[in-house]
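Understanding the architecture of this molecule
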Amino acid sequence: METKTMNIKVEKAKTSKIGQVDFDNLAFGNVFTDHMLVSNYKNGSWGVPEIVPYQPITLDPSAKIFHYGQSIFEGMKAYKDEKDAIWLFRPMDNCRRLNISAKRMAIPEIPEDYFMEGLKALLKLEKDWIPQTPGSSLYIRPFIFASGNGFHASPADEYMFIIAFAPSGAYFSGKVKVLIEEKYSRSANGGVGFAKAGGNYAGQFYPTQLAVDKGYNQVIWTDDNTHEYIEEAGAMNIFVRINDTLLTAPTSDRILDGITRKSILKIAENKGIAVEERKIAVSELIEAAKDGSLKEMFGAGTAAVISPISTFGFRDVDYDLPETPNSYAALFKKRITDIQYNRAEDNFGWRFKV
Ligand SMILES: *Cc1c(COP(=O)(O)O)cnc(C)c1O
């Protein structure tokens, strides 16, 4: 990897939108800051990133993103502590994962210093946009898409890498009711489920809408081959607590290697909680729900951190989870957010000062 002192050009926005934002009532990801970072891939290499005013992009109707879906993204957050210091959480992991996704989608990899130095420069410029209200953060969306032209079904020769920011409140409110999906699949062996590729999410919308129409909030994806094992909760990794053992499905071609997931596994190990990374059968869940040993289920991902599940549905039967005192969900959420917001010691080396 080449490292050079980077001179990131900044074109400032003429006016700021920040005065129009109600920071006490932020939704998730629908307000954007004044600037974005852009790098263009042309003639076989990525250009030095530049910061420009946040604005629409003009593309040719034949741009390959529209036809062949070469599009990948990341999701991360910046946090502001009480002393106005800015923190990231394991940002190099996002950078590396973006390039893992890039490789699978035949997209050229972004140099790590363009990602990291570009992100830091944009964060410093937009620091006033990082909310300080509890639970709020600056959501960071790095993404790459095929901007090159042509109807020929082949990888594009031009791409855009963009980082945009959205000050955001908490992601989910309350516990979620989920439906175990037996017909549709999110991903398959040899497929792109492990990549944060745009099409993975498009493919989830229809089955999720069917579940919503039945009164659920989310779908639990099962393996595409037998539909007997649970794999992910919507766009989150899934955790189950049976008695005092924490279970999660092992990562694979089909399952995204979540940073929240692996942080939870480390914290659990550190706290002496028994952990099993193994296939979790739907039949095992149902048995555990019936005999009372199923204590908790939750999704894990950057946006919500932890999303506790109150009920799961399977073949028209709903199984309610108990209210478990001293839940693992609450413990992990507190430990992770305390590290993220610089409220507690970080003995894992995850917090990154901007
Ligand atoms: C992003 C994502 C996750 C969570 O990953 P984090 O790194 O924890 O945010 C899990 N599953 C899917 C399908 C995802 O897209």
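The residue numbers shown here count from 1 along each chain, following its written sequence. In keeping with the predicted nature of the model, local features appear solely for residues at pLDDT of at least 70, side-chain atom pairs appear and are counted solely at 80 or more, and the whole-chain, interface and lining totals rest on all residues. In computing side-chain values, all of the structure's heavy atoms are included and hydrogens and water are not.

In the nomenclature of an unreviewed UniProt entry, the protein is known as Branched-chain-amino-acid aminotransferase of Maribacter polysiphoniae. UniProt positions are given in the numbering used here, feature names are shortened, and annotations may be inferred rather than shown by experiment. Reading the Sequence similarities (unreviewed entry) entry of the UniProt record for the protein gives the comment "Belongs to the class-IV pyridoxal-phosphate-dependent aminotransferase family." Under the Cofactor (unreviewed entry) heading, UniProt states for the protein: "pyridoxal 5'-phosphate".

With that settled, consider empty space enclosed by the protein. Cavities and pockets were defined on a 1 Å grid built over protein atoms only: a cavity is a set of grid points that admits a 1.4 Å probe from which the probe cannot escape, a pocket is an open set flanked by protein on both sides within 12 Å along at least five of seven lines, and lining residues are those with an atom within 4 Å of any such point. Grid points are joined across faces, edges and corners, and a volume is the space filled by probe spheres set on the points. A full pass over the atoms with the stated rule returns two cavities of 30 Å³ or more. Forming the boundary of the largest cavity are Gly75, Met76, Lys77, Tyr79, Phe89, Asn94, Ile259, Thr260, Gly301, Thr302, Val305 and Gln340. Elements supplying a minimum of two residues to the lining of the largest cavity: β5 (76–80) and α5 (259–271). Runs of E in the DSSP output that reach at least two residues are strands. Runs of H or I that reach at least four are helices, and both are numbered from the N terminus. Considering every element that reaches the lining of the largest cavity, the biggest residue donor is β5, with three residues.

Working definition: a ring pair exists when centres of Phe, Tyr or Trp rings (six-membered ring for Trp) sit within 6.5 Å. Plane angles under 30 degrees give stacked, over 60 give edge-to-face, the rest tilted. According to the stated counting rule, one finds 17 aromatic pairs in the structure shown. Between the aromatic rings of Phe89 and Trp350, the centroid separation amounts to 5.6 Å while the plane-to-plane angle is 80°, which identifies the pairing as edge-to-face. Note that Phe89 is positioned in strand β6 (residues 86–89) and Trp350 in the loop between α7 (328–340) and β19 (351–353), a separation of 261 residues in sequence. Each residue is placed in one exposure class: buried if its accessible area under a 1.4 Å probe, protein chains only, is under 20% of its type's maximum, exposed if it is over 50%, and partly exposed if it falls in between. Take Trp350: its relative accessible area is 6%, and that puts it in the buried class. Each residue in the set Tyr41, Trp46, Phe115, Tyr159 and Phe161 is aromatic and connected to the rest through ring pairs, giving one cluster.

Another point: the UniProt feature "modified residue: N6-(pyridoxal phosphate)lysine" (unreviewed entry) in the protein. Mapped onto this numbering, the UniProt entry annotates "modified residue: N6-(pyridoxal phosphate)lysine" (unreviewed entry) at Lys196. Secondary-structure assignment places Lys196 in the loop between β9 (176–180) and α4 (198–213). Note on contacts: a residue pair qualifies if any of its non-hydrogen atoms lie within 4.5 Å across the two residues. When residues no more than four places from it in sequence are discounted, the contact partners of Lys196 are Ser71, Ile72, Phe73, Glu74, Gly75, Arg97, Ser101, Tyr201 and Leu256.

Moving on to the environment of Ile242. Counting through the fold element by element, Ile242 comes out in strand β12 (residues 236–242). For Ile242, a relative accessible area of 14% corresponds to the buried category. Through-space distance from the C-alpha of Ile242 to that of Lys295 is 5.7 Å; in sequence the pair is 53 residues apart. Contacts of Ile242, omitting those with residues within four sequence positions, involve Leu247, Glu284, Ala288, Ser293 and Leu294.

So, about the site of the ligand. We define proximity as follows: a residue is near a molecule or strand when any one of its heavy atoms falls within 4 Å of that partner. Residues in contact with the ligand amount to 14 residues; listed here are only the nearest, Lys196, Tyr201, Glu232, Thr260 and Thr302. Pairs of N or O atoms within 3.5 Å make up the polar contacts considered here, provided that, within protein, one atom can donate a hydrogen while the other can accept it, and that residues adjacent in sequence are counted only when both atoms are side-chain atoms. Measuring from an oxygen atom of the ligand, one finds a side-chain N or O atom of Lys196 at 2.8 Å. Side-chain polar atom of Thr302 to an oxygen atom of the ligand: 2.6 Å apart, as the coordinates give it. Method for areas: the Shrake-Rupley scheme with a 1.4 Å probe, in which residue coverage is limited to the protein chains shown. Here the ligand loses 96% of its free accessible area of 380 Å² to cover by the protein chains.

This part takes up the pattern of salt bridges. Just to be clear on terms, a salt bridge is a Lys or Arg side-chain nitrogen sitting within 4 Å of an Asp or Glu carboxyl oxygen. Under the definition given, this model contains 19 salt bridges. We note a salt bridge from Glu231 to Arg254, for which the minimum N-O separation is 2.7 Å. With Glu231 in strand β11 (residues 229–233) and Arg254 in the loop between β13 (245–248) and α5, the pair connects residues that are 23 residues apart, well separated along the chain. Summarising the burial analysis for this pair, Glu231 and Arg254 share the class buried. The residue Arg241 makes a salt bridge to Asp244 at a minimum N-O spacing of 2.7 Å. Of the residues examined, Asp244 reaches a relative accessible area of 48% and is grouped as partly exposed.

A few words on the pairing of strand β1 (residues 35–42). The element β1 is extensively covered by neighbouring structure, given that six of its eight residues are classed as buried. Bridge count between β1 and strand β3 (residues 50–53): four bridges; the pairing is antiparallel. Its bridge partner being in β3, His35 is matched across the sheet by Pro53. Two strands are counted as paired when DSSP detects at least two bridges linking them. As paired elements, β1 and strand β8 (residues 159–168) share five bridges and run antiparallel to each other.

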